[in-house]
Amino acid sequence: RSIWVTGVQTCALPISAVVDGAHQGTIITVQADSVTLEGFTVRASGRAMDHDEAAVKLERCFGCVVRGLTVRDPLHGIYLLESHSVTIEANDIEGAAELTESARGNGIHLFNSSGNLLLRNRVRATRDGIYFSFATDNVVADNDVSRARYGLHYMYSDDNRFERNAFTENAAGAAIMFSKRITLRRNTFSRHNGYRAYGLLLQTGESILAEDNRFEGNLTGLFLDGSVQNRFRRNLILGNGIGIDLLASAEHNTFTENVFRHNRTAVRKVLGTGENNWTDKGRGNLYGDRKSVV
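Residues numbered from 1 in each chain as written. Predicted model: local features only at pLDDT ≥ 70, side-chain atom pairs only at ≥ 80, totals over all residues. Heavy atoms only, no water.

What the largest pocket holds in volume is close to 170 Å³. Around the largest pocket sit Tyr150, Ala171, Ala172, Met177, Tyr195, Arg196, Tyr198, Leu201, Gln203, Phe223 and Asp225, which together line it. Mapped by element, the contributors of at least two residues to the lining of the largest pocket are strand 21 (172–180), strand 24 (198–206) and strand 27 (220–225). With 3 residues, strand 24 is the largest single contributor of residues to the lining of the largest pocket. The residue inventory of the lining of the largest pocket, partitioned by class, reads 8 nonpolar, 1 polar and 2 charged. (1 Å grid on protein atoms, 1.4 Å probe; cavity = no way out; pocket = protein on both sides within 12 Å on 5 of 7 lines; lining within 4 Å. Points joined across faces, edges and corners; volume = space filled by probe spheres on them. Helix = DSSP H or I, 4+ residues; strand = E, 2+ residues; numbered from the N terminus. Nonpolar A, V, L, I, M, F, W, Y, C, P; charged D, E, K, R; others polar.)

Right, dumping it as structure tokens:
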């Protein structure tokens, strides 16, 4: 029911193999460098939150590859614990949709892990799609995340980058909390609706660069609270209830060359007005909405 990889560099299973954990513990644990897991199915991990059980867990590893796995019914899907320079690529992860959101784990979870690549993964029905805690200098590109709480969630995780990802029908497409120097480019945040739904949620984010993203069909496109010195440039903000929602605690942010179209309200300022810049070097924003700012 479980596989431990320690002190070796390869773990080969047939592509057609199915490793079933029978809901008992973590299924595959890797504690060695330069291990590759590729092309098989892992399902039914244990569900003990206090042990962070997972379909695949990498513990204090360097240079591993997890590619092309089909992960079904895990608590956490792929979990990195103090692991670095790992590639997580082209995996298909689906959580236990019958569980309440609070009882699910995350699709891909990183704790105190840096220099990792997360590429072309598909994640569905997990608590958070991709979650970072104290994890720096990671790249997230070309992933597809839907039906999670937060598609992508940074907590105390600085100097990360995410590009060309698709986030749809989550509670929030991405949440950046207590994190600095995050760059997000060419992502799509669409159809986040329902109570307090956001395309992008910034809570105490600092020095964030968001450019060339598309925010479409969300209850709120972007929400900023306690977030300062961030830059939003060349984003398309289309067909949202509110394009940008700003609390007074969001200050010294710059918005330039963004396009607002067909939102019910382009910009809403709540609880007073913080000092933000809506032009930069003579370049402002394009407002195609009847009701631009309230």
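To continue, consider the nonpolar core. Phe132, Phe162, Ile176 and Leu200 are the most contacted members of the largest nonpolar core, which has 58 residues in total. Among the elements that make up this core, the one with the highest residue count is strand 6 (residues 54–59) (3 residues). Not counting residues within four places of it along the chain, the set of residues in contact with leucine 200 comprises Ala174, Ile176, Leu184, Phe215, Gly221, Leu222, Phe223 and Phe232. Formed by 10 residues, the second largest nonpolar core is a distinct cluster that contains Tyr131, Met155, Tyr198 and Phe223. (Core = buried A, V, L, I, M, F, W, Y, C linked by side-chain atoms within 4.5 Å. Buried < 20%, exposed > 50% of the residue type's maximum accessible area, 1.4 Å probe, protein only. Contact = heavy atoms within 4.5 Å.)

Along the chain, the position of histidine 153 falls in strand 18 (residues 150–155). Once residues within four sequence positions are removed from consideration, histidine 153 is found in contact with Asp128, Ile130, Tyr131, Phe132, Ala175 and Met177.

The 10 strands lie next to each other as 4-7-10-13-16-19-22-25-28-31, forming an open sheet whose pairing is parallel. The outermost strands of the open sheet, each flanked by one partner alone, are strand 4 (36–38) and strand 31 (254–256). Within the sheet, the average angular offset between the axes of one strand and its neighbour, ignoring direction, is 5°. Where strand 25 (residues 209–211) lies against strand 28 (residues 231–233), 3 bridges are found, and the strand directions are parallel. Bridge pairing in strand 28 links glutamate 211 to arginine 233. (Pairing = 2+ DSSP bridges. Axes fitted to C-alpha atoms, helices over the stretch in contact; angles between N-to-C directions.)

Turning our attention to the pairing of strand 6. Counting buried positions along strand 6 yields 6 of 6 residues, so the element is predominantly enclosed. Both strand 3 (residues 28–31) and strand 6 contribute to a ladder of 3 bridges, which runs parallel. The partner of threonine 29 across the bridge, within strand 6, is lysine 57.

Here we come to the environment of alanine 90. For alanine 90, the location among the structural elements is in the loop between strand 10 (87–89) and strand 11 (92–94). Residues alanine 90 and arginine 186 lie 96 residues apart in sequence; the distance between their C-alpha atoms is 19 Å.

The next subject is the environment of serine 179. Along the chain, the position of serine 179 falls in strand 21. On the accessibility criterion, serine 179 (0% relative accessible area) is buried. Between the C-alpha atoms of serine 179 and glycine 205, which are 26 residues apart in sequence, the distance is 5.2 Å. Dropping the residues within four chain positions of it, serine 179 is found in contact with Tyr154, Met155, Tyr156, Ser157, Asp158, Thr204, Gly205, Glu206 and Ile208. Among the polar contacts listed, one links the side chain of serine 179 to the backbone nitrogen of tyrosine 156, at a separation of 3.3 Å. (Polar contact = N/O pair within 3.5 Å; in protein donor to acceptor, adjacent residues only side chain to side chain.)

Next up on the list: the environment of glycine 115. Here glycine 115 shows up in the loop between strand 12 (108–111) and strand 13 (117–119). Along the primary structure glycine 115 and threonine 87 are separated by 28 residues, whereas in three dimensions their C-alpha atoms are 9.2 Å apart. Leaving out residues up to four positions away in the same chain, glycine 115 has contacts with Ser85, Val86, Thr136, Asp137 and Asn138.

Note that every value here comes from positions in space, so none of it alone points to a role or purpose.
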